[in-house]
Amino acid sequence: NQAIILQRVSENFYKRATDMLGTITGKIDIWLISGRDFRATAPIQDWAVGYAYPLKRRIVIKDPSFLENSKLELARVVKHEIVHIIFGARIGDQMENVPLWFNEGIAMYGSEEWSYGHYWLMLTNVFSKSIIPLNQLSHQFPEGKGLAQLAYAESFSAVSMIARDHGDEKLREITDLLAMGENMDNALMFAIGMNLAQFQQEWMRYLTQNYKWLS
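Predicted, not measured: the structure shown is a model, and the values here were computed from it.

Peer 1: Just give me the short version of the overall build of the protein, but keep the residues and values in it.
Peer 2: In terms of helices and strands, the protein carries nine helices and three strands. Sequence separation of at least 24 residues holds for 69% of the intrachain contacts in the protein that already meet a minimum separation of 6. Looking at the protein as shown, the accessible area adds up to about 11,200 Å², and 50% of this sits on carbon and sulfur atoms.

Next up, the structure:
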């Protein structure tokens, strides 16, 4: 039963997500909806299968029973959206100060979504010099699935670099600063000692050092 799987995964994962970002009040409602009704409920791209409403504490997921490995897909989606709910609830009305790449990167990092496919995507685009600058991913991701997947992979890469170099606690510190009304430039400077432009330069160096055909 998909609903039982969803409940079990959600309850087991919730503690990890709150340990990373902090606790929130109220329960999270999760709706599992059929394809046609899902499209009317969630204003997202045709290929997407989940959507979070942080202020309503609501997650809407397209019934994945038609997909191969549907249990794995359901677990992946619900973890991703739970992190969105917790992060969005912590940020509150200050969400306009949060770049989309950081929001999505937090969700991917928190739900441990990285895969070999993401690695290969980054490798090929670093090699071909096709990486999308982070400042172009602040307000929206590309519409097409391929470029959108690259944007998600880049977002994970940038957030995971912060965690690798400075520790998970810095992700929470940045979240707290954003929630207090700081913009991303100031939040990064206060938390890790570099502004947004410097961080992007450091991230690009990180990419060229870590994604090589030899690997």
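Peer 1: Before we move on, could you go through the side chain of glutamate 113 and cite the residues and values that matter?
Peer 2: With respect to the secondary-structure elements, glutamate 113 resides in the loop between helix H4 (100-110) and helix H5 (116-127). For glutamate 113, a relative accessible area of 11% gives the class buried. Residue contacts for glutamate 113: discarding those within four places in its chain leaves Arg76, His80, Ala107, Met108, His118 and Phe156.

Peer 1: Summarise the environment of glutamate 173; cite the residues concerned and give the values.
Peer 2: Note that glutamate 173 resides in helix H7 (residues 168-179). Here the alpha-carbon distance between glutamate 173 and leucine 21, two residues 152 residues apart in the chain, equals 8.8 Å. Excluding residues that lie within four positions of it along the chain, glutamate 173 makes contacts with Phe190 and Ala191. Engagement of the side chain of glutamate 173 in a polar contact is seen with the side chain of lysine 170, the distance being 3.0 Å.

Peer 1: An account of the packing of H4 against H7 is needed here, citing residue identities and associated values.
Peer 2: Interhelical geometry of H4 versus H7 gives an angle of 145° and a closest axis separation of 12 Å. When the axes of H4 and H7 are compared, the crossing they make is left-handed. Seen from H4, the contacting residues are Phe102, Ile106 and Tyr109; seen from H7, they are Asp168, Leu171, Ile174, Thr175 and Leu178. In terms of residue class, the contact of H4 with H7 is built from six nonpolar, one polar and one charged.

Peer 1: Residue-level account of the layout of surface pockets, with values.
Peer 2: Empty space within the second largest pocket amounts to approximately 190 Å³. The wall of the second largest pocket is formed by Ala3, Leu6, Gln7, Ser10, Glu11, Tyr14, Ile28, Ile30 and Ile82. Among the elements that make up the lining of the second largest pocket, the one with the highest residue count is helix H1 (residues 2-21) (six residues).

Peer 1: A description of unusual backbone geometry should follow, citing residues and the corresponding values.
Peer 2: Phi angles above zero are rare outside glycine, and arginine 57 is one such case at about 55°. Looking at the secondary structure, you find arginine 57 in the loop between strand S2 (50-53) and strand S3 (58-62). The class for arginine 57 is buried, based on a relative accessible area of 17%. Positive phi values are uncommon outside glycine, yet lysine 129 reaches one of about 55°.

Peer 1: Please give an account of the sheet that holds S3 that cites residues and values.
Peer 2: Spatially, the three strands line up as an open sheet ordered S1-S3-S2, and their pairing is mixed. Only two strands of the sheet have a single neighbouring strand rather than two, namely strand S1 (29-33) and S2. On average, adjacent strands in this sheet sit at an angle of 15° to one another, irrespective of strand direction. With four bridges joining them, S2 and S3 adopt antiparallel strand pairing. Bridge assignment links tyrosine 53 to a residue of S3, and that residue is arginine 58. Sheet strands in contact with H1 are S1 and S3, and its direction is about 150° off that of S1.

Conventions and cut-offs
Residues numbered from 1 in each chain as written. Predicted model: local features only at pLDDT ≥ 70, side-chain atom pairs only at ≥ 80, totals over all residues. Heavy atoms only, no water. Helix = DSSP H or I, 4+ residues; strand = E, 2+ residues; numbered from the N terminus. Contact = heavy atoms within 4.5 Å. Areas by Shrake-Rupley, 256 points an atom, 1.4 Å probe, with all protein chains shown as cover. Buried < 20%, exposed > 50% of the residue type's maximum accessible area, 1.4 Å probe, protein only. Polar contact = N/O pair within 3.5 Å; in protein donor to acceptor, adjacent residues only side chain to side chain. Axes fitted to C-alpha atoms, helices over the stretch in contact; angles between N-to-C directions. Left-handed = near helix turned anticlockwise from the far one by under 90°. Nonpolar A, V, L, I, M, F, W, Y, C, P; charged D, E, K, R; others polar. 1 Å grid on protein atoms, 1.4 Å probe; cavity = no way out; pocket = protein on both sides within 12 Å on 5 of 7 lines; lining within 4 Å. Points joined across faces, edges and corners; volume = space filled by probe spheres on them. Pairing = 2+ DSSP bridges.

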